[in-house]
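Chain by chain, the residues run as shown.
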Amino acid sequence: MDGVDRIGRTDGTDSGAGDGDELRTPGVRGGPGDAGQALGGFLRARRGRVAPERVGLSGGRRRRVRGLRREELAQLAGISVDYYVRLEQGRATQPSPEVLDGLADALALDAAERRHLVTLVGARRGPAPRARVSPLLRRLLDGMARFAAFVTDHRLDVVAWNALGAELIGGLGEPGRRHANNARYLFLDPVSRAVHPEWEARAGEAVGQLRVAAGRYPDDTELTALIAELSSRSADFRRIWDSGEVVMCGAGRKRLCHPVTGPLTLDYETLHVPAEPGETGLVVHVFSAAEGGADARALDRLVAAVTGTAGLARPTA
C-alpha cells in the first residue's frame, strides 16, 4: 500500500491495470491514508478485473493489459481520458455523482462496491468512533447459550463473545490460544486454515471488510498499522488486497471444523450495533444450525462440552 507518482500512457499502450500511484502503506496498493490515492487504487484494481469481452471489446493475443485500458474505461464511463487518469493518480478527488455512477456501471460494481466507491470520495476525517460494548450487549451474548456469537469492531478486533462463540472460532476465550484480531488470526496463524476449511473465502471477507473500514476512516492510525503489518508479513494478504476486494457483513452459510464436532456447516447472521448515528460501530456475528439436523446435534455436543467444563464465560471488552 507507498507513494510513487507515475503517469501512465493513455494512447492504447497502457502498461497495465496496476500502474499509477501507490499508497504510503508498504507493499499494498490503494490502502488507507490519502483518500485520493485510495480511490485511484480501487479503480485500478477493479479496472483490472473487467474482461474486455464482457463489455464488447476484443481481448486479442497481443493485448498486454490485464482488464480494461484506461481510455476504454473512460469511454465506457462517459468521461475524458485525462480526467480518468487524474482520478487514478489521486489528482482529482471530488468526482460528481454522475461520474461515479458512470464508473460503477462501466466496472459492473455490485451494491457493496458502489457504496465503497462513494465512501472513498466522502471519507470521514478524524479518528474512528470508539464503539462501546454495553452491559445490555453483554447480557444478550450470555443469553444466547445455544448460539455461537462474537462481536467485532471495524478493525476486526473481537471485543466480546459468549463461550460457544469463543470455542467455535478457535478458542478465543483461552489466553494465548489465538489472536483476538480476526485478520491477524487468519493470515498469521496456520491453525486458522484447519478451523476454516473455506479459508480463501474467509480471508477474502476479512480483507474486503478492512478495505471498507479503511475507506471510511482514512485517519485511523491503528487500522493503517494493522494493514501495513499484514502486508509485510503475509503474501496472501497482499495478493487479496491487490484484487480490490470489498465486502460488507451479511448473512449466509459457512463451513467450520472443531476437534469436538468435526466439520460443521452453520447459518450465520450479522447484526449491526451503531456507535453513533451514521457509523457502523460493532458487528455481532451469530452462528446457528437448523433444528433436527446433523449440524444441530453436533453444535449441541459442543454446547455440552463448553458449558459442562467452565460454564458460560463472561465476554471481555
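Nothing here was measured: the structure is a model prediction, and the numbers come from that model.

Asks: Lay out the overall build of the protein with the relevant residues and their values.
Replies: A tally of regular secondary structure across the protein gives 13 helices and 5 strands. In the protein, buried positions account for 52% of the 317 residues. With the model as given, the accessible surface of the protein reaches about 14300 Å², and the carbon-plus-sulfur share is 52%.

Asks: Tell me about the packing of helix H10 (residues 199-216) against helix H11 (residues 221-233), residues and numbers included.
Replies: Following both chains from N to C, one finds H10 and H11 inclined at 145°, their axes separated by 10 Å at the closest point. Our pair here, H10 against H11, has a crossing hand that is left-handed. Every residue of H11 that contacts H10 at Leu210, Ala213 and Ala214 is listed here: Leu223, Leu226, Ile227 and Leu230. In the contact of H10 with H11, the residues fall into 7 nonpolar, no polar and no charged.

Asks: Account for the packing of aromatic side chains, with residues named and values stated.
Replies: Applying the stated rule across the entire model yields 5 aromatic pairs. An angle of 80° between the planes, with centres 5.6 Å apart, marks the rings of Phe187 and Trp199 as edge-to-face. Here Phe187, found in helix H8 (residues 182-188), pairs with Trp199, found in helix H10; they are 12 residues apart in sequence, far enough to count as distant. By the burial criterion, Phe187 is buried, and Trp199 matches it. Connected via pairs of aromatic rings, a cluster forms that spans Phe187, Trp199, Phe237 and Trp241. The ring of Trp199 has Arg193 sitting right over it, with the charged end atom 3.6 Å from the ring centre.

Asks: For the environment of Gln94, give the residues involved together with the corresponding values.
Replies: Looking at the element boundaries, Gln94 is found in the loop between helix H3 (81-88) and helix H4 (97-106). When its relative accessible area of 60% is taken as the criterion, Gln94 is described as exposed. Separated by 27 residues in sequence, Gln94 and Val121 have C-alpha atoms that sit 6.1 Å apart. Beyond its immediate sequence surroundings of up to four residues, Gln94 is in contact with Tyr83 and Val121.

Asks: Let's hear about the confidence of the model for the protein: which residues, and what values?
Replies: On average, residues of the protein score 82 in pLDDT, and 81% of them are at 70 or above. Between the elements of the protein, mean pLDDT differs from a low of 85, seen in helix H1 (residues 35-47), to a high of 97, seen in H8. Per-residue pLDDT stays below 50 along residues 1-27; that stretch engages in 83 contacts with residues further than four places along the chain or on separate chains.

Asks: Account for the pattern of salt bridges, with residues named and values stated.
Replies: Tallied over the entire structure, the rule returns 22 salt bridges. A salt bridge links Arg47 to Glu88; the nearest nitrogen and oxygen atoms lie 2.7 Å apart. Linking Arg47 in helix H1 with Glu88 in helix H3, this pair joins segments that are 41 residues apart in sequence. Each member of the pair Arg47 and Glu88 is classed as buried. Across the pair Glu229 and Arg233 runs a salt bridge whose closest N-O atoms are separated by 3.0 Å.

Asks: Kindly report on the sheet that holds strand E3 (residues 251-258), identifying the contributing residues and their values.
Replies: Strand pairing in a sheet takes place through backbone hydrogen bonds and is either antiparallel or parallel in direction. Strand order in the open sheet made by the 5 strands is E2-E1-E5-E4-E3, with antiparallel pairing throughout. Edge positions in the open sheet fall to strand E2 (158-161) and E3, since each of these has one partner strand only. Taken pair by pair, the neighbouring strands of this sheet meet at an average axis angle of 30°, ignoring direction. As paired strands, strand E1 (residues 148-152) and E2 are joined by 3 bridges and run antiparallel to one another. Counted as the bridge partner of Phe150 is Trp161 from E2. Where helix H13 (residues 294-307) meets the sheet, it contacts E3, strand E4 (262-273) and strand E5 (282-288), and its direction lies at approximately 80° from that of E4.

Conventions we followed
Throughout, a residue's number is its position along its own chain's written sequence, starting from 1. Side-chain atom pairs in this predicted model are given and counted only at pLDDT of 80 or more, local residue features only at pLDDT of at least 70, and totals for whole chains, interfaces and linings cover all residues. No hydrogens and no water enter the side-chain calculation; it runs on all heavy atoms of the structure. Runs of H or I in DSSP of at least four residues are treated as helices and runs of E of at least two as strands, each being numbered from the N terminus. Residue burial is assigned from relative accessible area. The probe radius is 1.4 Å, only protein chains are included, and a residue is buried under 20% of its type maximum, exposed over 50%, and partly exposed in between. Areas reported as accessible are Shrake-Rupley estimates using a 1.4 Å probe. Residue values count occlusion only from the protein chains shown. Under this scheme, a helix contributes an axis fitted over its contacting stretch, all axes are lines through C-alpha atoms, and angles between N-to-C directions fall in the 0 to 180 degree range. Less than a right angle of anticlockwise turn of the near helix away from the far helix marks a crossing as left-handed, whereas a clockwise turn marks it as right-handed. By the convention used here, residues are in contact when the closest approach between their heavy atoms is within 4.5 Å. Three classes are used: nonpolar for Ala, Val, Leu, Ile, Met, Phe, Trp, Tyr, Cys and Pro, charged for Asp, Glu, Lys and Arg, and polar for all others, with Gly counted as polar. Pairing of aromatic side chains here covers Phe, Tyr and the six-membered ring of Trp, requires ring centres within 6.5 Å, and sorts the geometry by plane angle: under 30 degrees stacked, over 60 edge-to-face, intermediate tilted. Throughout this description, the term charge over a ring refers to an Arg CZ or Lys NZ atom that lies within 6 Å of the ring centre and within 35 degrees of the ring normal. For every residue, the predictor reports its confidence as pLDDT, a number between 0 and 100. Each reported salt bridge corresponds to a side-chain nitrogen of Lys or Arg within 4 Å of a carboxyl oxygen of Asp or Glu. At least two bridges found by DSSP between two strands are what make those strands a pair.

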